[in-house]
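# Structural overview
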Amino acid sequence: MQSGWYIQGDEASNQSRRSLVYFNILANVAANLIGGNFFTGLLIVLQADDAFVGLTTMLIFGGNLLQLLSPYLLERFNRRKPLLIALRVLLHLVNIIFIGLIPFMPADTQTRLMFLGFSVFLVNVIGAFLGPGMSVWHIAHIPSSVRVQYFSVISLLNGVFIAAFNLMGSSVVDLFRQRGSELMGLSALRILSLLLAVFEIIMMCRIKELPPKKQSQRISLKALFTQPWKHPIYLRSVLVVSLWSVVVNLPGSFYTVYMLRELQVSYSYIMLVSTMNVAVLLS
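Presented here is a report on the structure given in the accompanying data block. (Residues numbered from 1 in each chain as written. Predicted model: local features only at pLDDT ≥ 70, side-chain atom pairs only at ≥ 80, totals over all residues. Heavy atoms only, no water.)

### Considering the side chain of E182
As a reminder of what qualifies: Helix and strand labels come from DSSP, where a helix needs a run of H or I of at least four residues and a strand needs a run of E of at least two; each type is numbered from the N terminus. Any pair of nitrogen or oxygen atoms within 3.5 Å is treated as a polar contact; in protein, a donor-acceptor pairing is required on top of that, and neighbouring residues in sequence qualify only through side-chain atoms on both sides. Any pair of residues with heavy atoms lying within 4.5 Å of one another is described as a contacting pair.
Tracing the backbone shows E182 in helix α8 (residues 182–206). Here Y267 takes part through its side chain, which lies 2.3 Å from a polar atom of the side chain of E182. When neighbours within four sequence positions are excluded, E182 is seen to be in contact with G41, V45, V173, F176, R177 and Y267.

### Observations regarding the side chain of H138
The criterion, for reference: Relative accessible area decides the class of each residue, using a 1.4 Å probe on protein chains only: under 20% of the type maximum gives buried, over 50% gives exposed, and in between gives partly exposed.
Here H138 shows up in helix α6 (residues 109–139). Overall, H138 belongs to the buried group, its relative accessible area being 9%. Excluding anything up to four places from it in sequence, H138 contacts L20, F23 and I207.

### Topic: a nonpolar patch on the surface
The cut-off we apply is this: Residues forming no salt bridge and having over 30% relative accessible area are the ones grouped into patches, like charges within 9 Å of each other and nonpolar side chains (Val, Leu, Ile, Met, Phe, Trp, Tyr) within 5 Å. Surface accessibility in these figures is a Shrake-Rupley result with a 1.4 Å probe; residues are shielded only by whichever protein chains are displayed. Between Lys or Arg on one side and Asp or Glu on the other, a salt bridge is scored when a side-chain nitrogen of the former is within 4 Å of a carboxyl oxygen of the latter.
Among the surface-exposed residues, V89, L90, L93, I97, L101, F104, M184, L194, V198, F199 and I202 lie close enough to one another that they form a single nonpolar patch of about 920 Å² accessible area. Where the nonpolar patch is concerned, the elements lending two or more residues are α5 (81–101) and α8. Within the secondary structure, L101 is located in helix α5.

### A closer look at the pattern of salt bridges
Scanning the model with the defined rule gives three salt bridges in all. When the shortest N-O distance is used, the salt bridge between D50 and R261 registers 3.0 Å. A residue pair is termed long-range when its members are at least 10 positions apart, and D50 in helix α3 (residues 50–65) and R261 in helix α11 (residues 254–262) qualify at 211 residues. What makes R261 partly exposed here is its relative accessible area of 28%. Residue E182 is joined to R177 by a salt bridge in which the shortest nitrogen-to-oxygen separation is 3.8 Å. The class for E182 is buried, based on a relative accessible area of 17%.

What follows is the structure, encoded as structure tokens:
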């Protein structure tokens, strides 16, 4: 596994890449313990109807559109690491803690759902500004000589750890669900996710920030909307990703809502089916 990121004689960069590997695993596992089927379960606990489930998908999409403005703002900072870490901490505070506390608020269903919708939008806005900066910061530590191996290792490790924790988490939630306290099971996963997020931030702090490349000219807001149209290959890549995203996200959470609420399928069964992807990945 180490051969996927280790470069002989480059110990400083190897340390950053090691922390980057840990960061990726922790971040993805933490996100899965509060997202996906478990987030859908939270929607059901909060008595969200199909219209709100659809609205949630739209809020996620709308928040991520602001990613277009991220380069315009981040390129004004010579040192981006402190800002990115602060945004990451804020994202976890909202996504893990605040959203986790919404079901316990002494308020009616509509008020809770209003807070949830606002929080989901805010999390994705923060993520939109955070994502490009994180990618540029981290990719600088992965030279082209190890890039293919590195991402192969990351994909494999993420698949294995996410599947293992999802199966464990689904068993926990199912156990609480059988006792009539599904919310407590989902909250237990949020506590675990918070612990993982703490270690994730520690790993993030250990990743060295390399000096950003000097831009010959500042990025203009107009260029963010006009320059992409001058690069056909980039546009084709975007089109492929967009079509893939539409197909993948079109069912949204409706499929999981149907499985959990209407068919009363267990979390463990849904997760077990999902882990088949890991078996394919390993093969």
